[in-house]
Amino acid sequence: MSRKNELLRALTLKDAVGVGLGAIIGAGIFVVTGVAAGVSGPAFIVGLIIAGVIASFNGLSSAQLAAVYPHSGGTYEYGYQLLSSSFGFSAGWMFLISKLSAAGVVAIGFGSYFHQLLPVASPMLISVVAVILLTVVNLFGIKKAGVLNLVIVTFTLLSLLYLVFSGIPVVEKRNFTPFAPFGISGIAEAAALLFFAFTGYARIATLAEEVHHPEKTIPRAVIITIASAILLYATVSVVAIGVVGAEQMAASTSPLQVVANALTTPAVSSVVTIGASTAMLGVLLSQILGISRMMLAMGRRNDLPPFFQKIHGCYKVPHLGILYRPAHPAAHADRLLRIHRAGGILTILLYYSITNISALRQPRTDQRYGRVVLPPGTDWLPADVGLVAAERDPGGCRATDRWLSAPVPFSPDLEPLITFSLEQMRQLRPASPILQHQPAQVLRVPCDHIQQFMHIFDIQKAPERFSQSFRE
């Protein structure tokens, strides 16, 4: 790789942790905690710890892979390096489709929260302005984007800490009983829901090419990020339940706002709203960072048009990937919500499955944290836990069947990229049935037809590969 086509290694440990926290602290703590409280009562705290432990194992896989392959793209790169082109291609597009839709949804969320604080314009206009401003900041280099991210994350953390210290004096023990009204199944369901609230740590691996001393910095950053997120989520959750109880949290789409409204500390409600706004802004910034670096990696391997691999000569950023906005939130709000809710859970599970398969295939000399081999019959336990969320969540598999019974409504300017990418893959795997579809039909696959996805991933052979790697 030529020097002029390299990114700038400017992110320190502090910056990398900031990127991870900025990607994690978003809708998970401000919204999903209420949903989890509704399915398991106060015991969702146990589910949260379980989800954090599962996320930690995933995070260690990402960390040891990124330390050896410190390139942009994260799991996309690992799939190519350790598995096959099909795995890499699939990981790249699952990331892009998920994050492109999620970025629009998060932008809409930020516009709504900010409008509550300052109703100076419509929420949609605010969301569009936010996307434009963050795009401009990203164009001026990763260091400036990292500094802005740290500022945003700091505001979010301070708002949550203010809520915690305001709520501790009024916590009531009676709000924790009955502790587990829905039993073990409720706790498992809460764990499945909350697992997705921890998945932002992988953004550190996606930006690995811009991290100082990645072999040391990335593993430390991932571990610090996940540990901090678990501690923060658990503390906020305990206080929230103690103040208003699980039922009130479950009854609201903004459970922490309900907690803030129940407190008498000066301006606590406004502070929490500011925190929710900055949390959404931080997630949006991390989405732009991740999407542009994934486009850079895919452009290098010709899975996207090669011009995406260009790096700005002065600011050392993939400027064309940063500028590429396939659908702004105001024009495609309903479409983005449909794509994100229908495909988000499935793509995240498969994306992290590829990460873990790649970690299993690493040579033993590269494996920093060893292997965790589950007992017979539990090999797919992490996927089973996630599929509980897909089944129970209204936006999961049942929604996929309903919404994707027609072609997926991609925006018109995303479709040419999918067409180009599919054409490249057809040359490598002409027999894959899913690649014979038109771009708008590629995700027209209900959950009971998941075998078509398994074909492109070669998952039929995965058990053999696992057994072989364990014997080695």
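Residues numbered from 1 in each chain as written. Predicted model: local features only at pLDDT ≥ 70, side-chain atom pairs only at ≥ 80, totals over all residues. Heavy atoms only, no water.

A. Just the nonpolar core, in detail. In this structure, I29, F30, L96, L256 and L284 are the most contacted members of the largest nonpolar core, which totals 117 residues. Per-element accounting of this core gives the leading share, 16 residues, to helix α13 (residues 268-300). Here I29 is in contact with L160, L232, Y233, V236 and L256, once residues within four sequence places are set aside. (Core = buried A, V, L, I, M, F, W, Y, C linked by side-chain atoms within 4.5 Å. Buried < 20%, exposed > 50% of the residue type's maximum accessible area, 1.4 Å probe, protein only. Helix = DSSP H or I, 4+ residues; strand = E, 2+ residues; numbered from the N terminus. Contact = heavy atoms within 4.5 Å.)

B. Spatial organisation of the confidence of the model for the protein chain. When pLDDT is averaged along the protein chain, the result is 78, and 73% of the positions lie at 70 or above. When the elements of the protein chain are averaged for pLDDT, helix α16 (residues 381-392) gives the smallest value, 35, and helix α7 (residues 142-167) the largest, 95. Overall, residues 326-330 carries pLDDT values under 50, and its contacts beyond four positions in sequence, including any with other chains, amount to 18 contacts. Here residues 438-472 is modelled with pLDDT under 50, and outside its nearest four sequence neighbours on either side it reaches 69 contacts, counting other chains as well. (pLDDT = per-residue confidence, 0-100.)

C. Up close: the environment of V147. Within the fold, V147 resides in helix α7. Of the residues examined, V147 reaches a relative accessible area of 44% and is grouped as partly exposed.

D. Seen up close, helix α10 (residues 214-244). An ideal rise of 1.5 Å per residue puts 45 Å on 31 residues; α10 measures up with 43 Å between its terminal C-alpha atoms. A positive backbone phi angle near 90° is found at G245, which sits one or two residues after α10. (Expected span 1.5 Å × (residues − 1).)

E. Broad picture of the environment of I142. Relative to the assigned elements, I142 resides in helix α7. We classify I142 as buried; its relative accessible area is 3%. Spatially, the C-alpha atoms of I142 and V317 are 7.0 Å apart, while their sequence positions differ by 175 residues. Contact partners of I142, with chain neighbours within four places excluded, come to L8, A10, L11, E210, L289, R293 and V317.

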